[in-house]
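Chain and residue survey
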Amino acid sequence: MRKGFIGVDNGYQGGLAYVSEEYVEVHPMPTLKLGTKRILDEPAIYALLERWSHIEERTVAAIEVVQAMPKNGSVAMCNYGCGHGIVRGICVGIRVPYTLIHPKTWQKAMLDGLSKTDTKSMSILVAQRMYPLVSLRLTASSKPLDGLSDALLLASYARRIGL
């Protein structure tokens, strides 16, 4: 059976990735600007995940576990958790099984042998090495986004462990 793997790095700076044997795609987490605030673009997330769910015979998702982060305020953490719940709810609605994966779990496997002090830079480095034809940039002149590399490595980790 052919399988596809979705990786989800939660949050407004996060990303979504799809990996299968023949296809790879990454997207920054869809958001909308509402006045001075940003919110998750739920219909866009739904459309993307729903489309990916039909590429292969079976698709599974690896969603990064939400955890409190030092120096983040309670409003930011509430938004982060809300986004996590939205993605989980969409997966249930489109019948894509998912697994919650702790960041340290996938990082230990995917960043093995590299510095653990700067996981953002290491994530970008490993994702670029694994997928040299996949752009981790929003534009040609912007810097690579760790949200995209994290989502891509989460999907790759799910594929590696055979979810």
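Each chain has its residues counted from 1, running along the sequence as written. Totals for whole chains, interfaces and linings use every residue, but because this is a predicted model, local features are given only for residues with pLDDT of at least 70 and side-chain atom pairs only at 80 or more, for both listing and counting. Neither water nor hydrogens contribute to the side-chain values; these are computed over all heavy atoms in the structure.

1. Focus on a nonpolar patch on the surface
A contiguous nonpolar patch, built from L32, L34 and I39 and spanning about 250 Å² of accessible area, is present on the exposed surface. Within the element layout of this structure, L34 appears in strand β4 (residues 31-34). Here's how the labels work: a residue is buried when its accessible area is under 20% of the maximum for its type, exposed when over 50%, partly exposed in between, all with a 1.4 Å probe on protein chains only. The exposure class assigned to L34 is exposed, which follows from its relative accessible area of 53%. Surface patches are defined over residues having more than 30% relative accessible area and no salt bridge, joining like charges when they lie within 9 Å and nonpolar side chains (Val, Leu, Ile, Met, Phe, Trp, Tyr) when within 5 Å. Only the protein chains shown count as cover for residues, and the accessible areas themselves come from Shrake-Rupley with a 1.4 Å probe. By definition here, a salt bridge exists when the distance from a side-chain nitrogen of Lys or Arg to a carboxyl oxygen of Asp or Glu is within 4 Å. Put simply, DSSP H or I for four residues or longer makes a helix, DSSP E for two residues or longer makes a strand, and each gets a number counted from the N terminus.

2. A look at unusual backbone geometry
Of note in this structure, R95 is not a glycine but carries a positive phi near 65 degrees. Mapping R95 onto the fold places it in the loop between α2 (74-93) and β7 (98-101).

3. Observations concerning the side chain of S123
Note that S123 resides in helix α4 (residues 119-130). Within the structure, S123 has its side chain in polar contact with the side chain of S149 (distance 2.8 Å). We call two residues in contact when some of their heavy atoms are within 4.5 Å. If near-sequence neighbours (up to four positions away) are discounted, S123 is found in contact with W106, L111, D146, S149, D150 and L153. The definition of a polar contact used here is a pair of N or O atoms within 3.5 Å, where within protein one atom must be able to donate a hydrogen and the other to accept one, and adjacent residues in sequence count solely through side-chain atom pairs.

4. Remarks on the pattern of salt bridges
Considering all chains together, one arrives at four salt bridges under this definition. Notably, a salt bridge pairs K120 with D146, separated by 3.3 Å at the nearest N-O pair. Here the residue K120 occupies a position in helix α4, and D146 occupies one in helix α5 (residues 146-161), the gap between them amounting to 26 residues. Given the relative accessible area of 49%, K120 is considered partly exposed. Bridged by salt links that share partners, the residues R2, E22 and E56 form one connected network.

5. Quick word on the sheet that holds strand β6 (residues 58-64)
Think of a sheet as strands paired side by side through backbone hydrogen bonds, with each pair either parallel or antiparallel. Judged by pairing direction, the sheet is mixed, and its five strands sit side by side in the order β3-β2-β1-β6-β7 without closing on themselves. On the outer flanks of this sheet lie β3 (24-28) and β7, each paired with one strand and no other. Across the sheet, the mean angle separating the axes of adjacent strands is 15 degrees when strand polarity is ignored. Two strands pair if DSSP finds at least two bridges between them. Relative to β7, β6 runs parallel, the two being bridged by four bridges. Paired with A61 across the bridge in β7 is Y98. Contacts between α5 and the sheet are confined to β1 (3-9), β2 (15-20), β3, β6 and β7, with β1 contributing the most and set at about 140 degrees to the helix. For helices, the fitted axis covers only the stretch in contact; all axes are lines through C-alpha atoms, and the angles between them, taken along N-to-C directions, range from 0 to 180 degrees.

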